[in-house]
Amino acid sequence: MNDTNYMMQAIEVAASVRMRTSPNPWVGCVIVTTDGQTFTGATEAPGGRHAEIVALDTARLAKAQLEGATVYTTLEPCSHQGRTGPCTEALINAHVARVVSAITDPDAQVGGQGFQALRHASINVETGVCADLVDEQLRPYLHHRTTGRPFVILKMATTLDGRTAAADGTSQWITGEHARIAAHQLRAESDAIVVGAGTVRIDNPSLTTRLVDGPSPRRIVLGKVAADAKVNPCLEWNQSLSELLDTLGAEGVLQLMVEGGPTVAASFHRENLVNRYVMYIAPAFMGGTDGSPLFAGPGVTSINEMWRGSITSTRIVGDDIEIVIDNNSR
């Protein structure tokens, strides 16, 4: 196997812990000894071991010879003392010969210092292997560490004629079960979820991850909710959206999912606060203009002012289509 194959294995290992490491990054590690044995590790829950330490411990448990080994990590090993010891020190003490990493950790406590410590110990360091894949895998973490704010995903379900609810306000269910399961997976990957008070009044959602095996996000409502609403316990927010993102970022929220109606969606969209749009489109028509559109309120006055993003993926989800669109200006 070559470097790319081993890094792909590390990426796969990292994916297995996506929903349990936040606010730490979900990292994968593969150690290859000089006699060809491989050992893997992934980041544990906060307070637990980092991926490199897990892989080192697994190798030692098997009584493997670590001297001269090559280590593949999806993210730069840390070099500072946090709740756990520095990974660079552990790698140096193990006398590994080579560390291959996909990307640099933008965290202020790392930021190239891990690579520097390894090189100072005469360990060969190579970077950039599968960097694009890891950039995507760690997008929320990287965004948070570089901006101080959560990565914002706006999820909406719509008909082919662009309606998100009928004239009477009902919207359950526009899409089918497979699309709803996919949306619950997004919830499980998000640290917090936000909706408007109007959605709570009309749909009374619980905003849990009952359809998938994963943690439910913190629940935030823009406005006031009744004491018996299913969304409780929740944070009732009455300040600006920018302040909300700053507050959540300071609290370690890496990914925020917006799942409100057209008013909330329009607010995040018009303030250019959405990083990624995830649209589930059903093969259905409302058949008129009296249903709710994607975004409430006036749109642009000229075609030259129309917002454009980049489609990063499309797939069939049951009977529906999932389209993922990235905001290029964020």
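Residues numbered from 1 in each chain as written. Predicted model: local features only at pLDDT ≥ 70, side-chain atom pairs only at ≥ 80, totals over all residues. Heavy atoms only, no water.

**Points about the packing of aromatic side chains**
Throughout the structure, instances matching the rule amount to 2 aromatic pairs. Geometry around Trp 26 places Arg 18 over its ring, the cationic atom sitting 3.9 Å from the centre. Here the basic side chain of Arg 180 rests over the ring of Trp 173, its NZ or CZ set 4.5 Å away from the ring centre. (Phe/Tyr/Trp six-rings, centres within 6.5 Å; stacked < 30°, edge-to-face > 60°. Lys NZ or Arg CZ within 6 Å of the ring centre and 35° of its normal.)

**As for the side chain of Thr 73**
Assignment of secondary structure puts Thr 73 in strand β3 (residues 70–75). Owing to a relative accessible area of 0%, Thr 73 belongs among the buried residues under this scheme. Setting aside its immediate chain neighbours within four residues, Thr 73 contacts Met 7, Gly 28, Cys 29, Glu 52, Val 100, Ser 101 and Ala 102. (Helix = DSSP H or I, 4+ residues; strand = E, 2+ residues; numbered from the N terminus. Buried < 20%, exposed > 50% of the residue type's maximum accessible area, 1.4 Å probe, protein only. Contact = heavy atoms within 4.5 Å.)

**Focus on the sheet that holds strand β6 (residues 151–158)**
Read from one edge to the other, the open sheet built from 8 strands follows the order β10-β9-β8-β11-β6-β12-β15-β14, with strand pairing classed as mixed. The open sheet has two edge strands, β10 (235–237) and β14 (310–317), and neither has a second partner. Geometrically, the sheet is characterised by an average inter-axis angle of 20 degrees between neighbouring strands, direction not taken into account. Inspection of the sheet shows strand β12 (residues 276–281) paired to strand β15 (residues 320–326) by 6 bridges, in the antiparallel sense. Pairing of Ile 281 across the sheet is with Ile 321, part of β15. (Pairing = 2+ DSSP bridges. Axes fitted to C-alpha atoms, helices over the stretch in contact; angles between N-to-C directions.)

**Focus: helix α10 (residues 262–270)**
Every buried residue of α10 is listed here: Pro 262, Val 264, Ala 265, Ala 266, Phe 268 and His 269. Of the residues flanking the end of α10, it is Asn 272, one or two places downstream, whose phi is positive at about 55 degrees.

**Overview of the pairing of strand β8 (residues 192–196)**
The element β8 is extensively covered by neighbouring structure, given that 5 of its 5 residues are classed as buried. Burial along β8 is two-sided: the face carrying Ala 192, Val 194 and Gly 196 and the face carrying Ile 193 and Val 195 are both buried. Pairing between β8 and strand β9 (residues 218–222): 5 bridges, direction parallel. If you follow Ala 192 over to β9, its bridge partner there is Arg 218. A crossover connection joins β8 to the parallel β9 through helix α8 (residues 197–203); in handedness this β-α-β unit is right-handed. With 3 bridges joining them, β8 and strand β11 (residues 255–258) adopt parallel strand pairing. (Right-handed = clockwise from strand over helix to strand, strands pointing away.)

**Comments concerning the sheet that holds strand β1 (residues 28–32)**
A sheet is described by the order of its strands in space; here 5 strands give the open sequence β2-β1-β3-β4-β5, paired in mixed fashion. Sheet topology places β2 (38–42) and β5 (124–127) at the edges, where each strand pairs with a single neighbour. In this sheet, adjacent strand axes meet at a mean angle of 15 degrees when their direction is disregarded. Pairing geometry for β1 and β2, over 5 bridges, is antiparallel. Of the residues in β2, the one forming a bridge with Val 30 is Thr 40. Packed on one face of the sheet, helix α4 (residues 113–120) meets β4 (98–103) and β5 and runs near 150 degrees to β5.

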